[in-house]
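Structure assessment
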Amino acid sequence: MTAILAAVGDNGPRNDLEIETDSKYAIETLTKNLANLEDTGYIGKANKGLIQLTVAKIRSTDNKIKLRWVKGHNGHAGNEAADKLTDSGARKPRDEALQINEEIPMAQHLTGAKLSKMTQSLAYRAIREINLKAAEQKNRKRTAEMMDAIQNQVEEITKETPTEERIWGATKNKDFSRQIRYYLWMVAHDTYRIGTHWLQANYSEELQKRSECPHCNGKIEDMGHILSRCETPGQEQVWDLAKEMWTKTGREWTQPWISNIVACALTKTNREKKDRDPGGDRLWRILVSESAYLIWKLQCERVIQNENTPFTTQEVNNRWTATINARLDLDCEMTNENLGKHKLNTKVVLQTWKGALHKEKNLPRNWTKLNGVLVGITPRQSQEEG
Ligand SMILES: [Zn+2]
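Since the structure is predicted, the reported quantities are computational estimates derived from the model, not experimental observations.

The subject of this paragraph is the coordination of the zinc ion. Ideal geometry at a metal centre: 109.5 degrees between donors when four sit tetrahedrally, and 90 or 180 degrees when six sit octahedrally. Coordination of the zinc ion by the protein comes from Cys213 (SG), Cys216 (SG), His225 (NE2) and Cys230 (SG), over a distance range of 2.1 to 2.3 Å. For the zinc ion, the four donor atoms in the first shell make angles of 105 to 111° at the metal, so the coordination geometry reads as tetrahedral. Taken in sequence order, the residues that donate to the zinc ion follow the motif C-x2-C-x8-H-x4-C. Neither cysteine 213 nor cysteine 216 differs from the other in exposure class; each is buried.

Right under this line is the structure:
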């Protein structure tokens, strides 16, 4: 293909070409398979930049171009020269390949596939592929906006502006599971394909519609919406449960929003008094991150597996309680002496959950060695369902 491109590109005006090639693939791509390639927007096609550029060059010349297949490696002088040319093309470094991509004249650069040829899986592949570079650029902007929002919100609460470095550090807090760290990283970069990610000028109306929440009439379904505003069962109820547990410890609840969810490891919980509250800080980041991540997981399950059927109040109750109890369990296990330097200080664990446990008065002073200690939230039976 590189050789064909070079031949057409180097050709002067009023000079019809007959190109001999041993590549059936190249001939078929440029002839009988081309219509289908263009209909499907070249999605998933390797070397699509090169093919598009070759097509564009062929179309932009007034000369007649004939492609003729010859058997490969038969000593045909032209063929062996072409082999060499192809070799040098194959070894071109990546950024040169990208330049080829950019050179494609916009008028002939078919970005969108025809809607009628767009199956769902093709659409998903397209979304991964479309304008990688532009997406990266845009994402830098999204990340910067998110950082800005976090700095503002944390400043409002703690009266100091964290550096971006501190914010990134906070998303990797060792009290978070690997999944939660990944989730916070993705949210901080605004990378999940939700909400405004679907609003691209070159997307079909059908795809653009995916930016909206199916439950909240036309509202953009971004992470902020999912975590704090969505009216489908889950969001509000999870935060109610978190709030109930938090206030049970005698602290005051502030509703977390997306930016201080990402930065929940930075938010000082004891803001009135000067003295620190390490147990509270740790409980806060566990409670907020686990709750937010659960809301996101419920949303994914609902959309992907459950055809958007909302969860019942009971299900949400059970999922949240199970999540927090599992986290409490993990904390207890982490105090095990055998863990060496990974071991959690028992005092840290006791401090974290102080005031949040079920029948706490009946527990021994060090309850971390007991089995089945539970958080003190009695999952409410749903009134509206009863
Ligand atoms: Zn919604």
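With 14 residues, helix 13 (residues 235-248) should cover 20 Å at 1.5 Å per step; its first-to-last C-alpha distance of 20 Å lies within 8% of that length. Taken together, the buried positions of helix 13 are occupied by Gln235, Gln237, Val238, Trp239, Leu241, Ala242, Met245 and Trp246. Of the surrounding secondary structure, the elements contacted by the buried residues of helix 13 are helix 12 (223-229), helix 14 (258-262), helix 15 (278-304), helix 16 (313-333) and helix 17 (346-353). The first or second residue beyond helix 13 is glycine 250, which carries a positive phi of 85°.

What follows concerns the packing of helix 13 against helix 15. Look at helix 13 against helix 15: their axes get within 10 Å of each other, and the N-to-C directions meet at 165°. If you check the angle between helix 13 and helix 15, you find them roughly antiparallel. Read as a crossing pair, helix 13 and helix 15 show a hand that is right-handed. Touching Gln235, Val238, Trp239, Ala242, Met245 and Trp246 of helix 13 are Gly280, Leu283, Trp284, Leu287, Val288, Ser291, Ala292, Leu294 and Ile295, all from helix 15.

A few words now on the packing of aromatic side chains. In the structure shown here, the tally under the stated rule is eight aromatic pairs. Ring geometry for tryptophan 239 and tryptophan 253: centres 6.4 Å apart, planes at 45°, overall tilted. With a gap of 14 residues between them, tryptophan 239 in helix 13 and tryptophan 253 in the loop between helix 13 and helix 14 connect regions that are remote in the sequence. Here tryptophan 239 and tryptophan 253 have matching classes, each one buried. The ring of tryptophan 69 has lysine 24 lying over it, and the distance from NZ or CZ to the ring centre is 4.6 Å.

Conventions and cut-offs
Residues numbered from 1 in each chain as written. Predicted model: local features only at pLDDT ≥ 70, side-chain atom pairs only at ≥ 80, totals over all residues. Heavy atoms only, no water. Donors = N, O, S within 2.8 Å, 3.2 Å for Na, K, Ca; no water. Tetrahedral: all angles 85-135°; square planar, octahedral: opposite > 155°, others 65-115°. Buried < 20%, exposed > 50% of the residue type's maximum accessible area, 1.4 Å probe, protein only. Helix = DSSP H or I, 4+ residues; strand = E, 2+ residues; numbered from the N terminus. Expected span 1.5 Å × (residues − 1). Contact = heavy atoms within 4.5 Å. Axes fitted to C-alpha atoms, helices over the stretch in contact; angles between N-to-C directions. Parallel < 35°, antiparallel > 145°, perpendicular 65-115°, else oblique. Left-handed = near helix turned anticlockwise from the far one by under 90°. Phe/Tyr/Trp six-rings, centres within 6.5 Å; stacked < 30°, edge-to-face > 60°. Lys NZ or Arg CZ within 6 Å of the ring centre and 35° of its normal.

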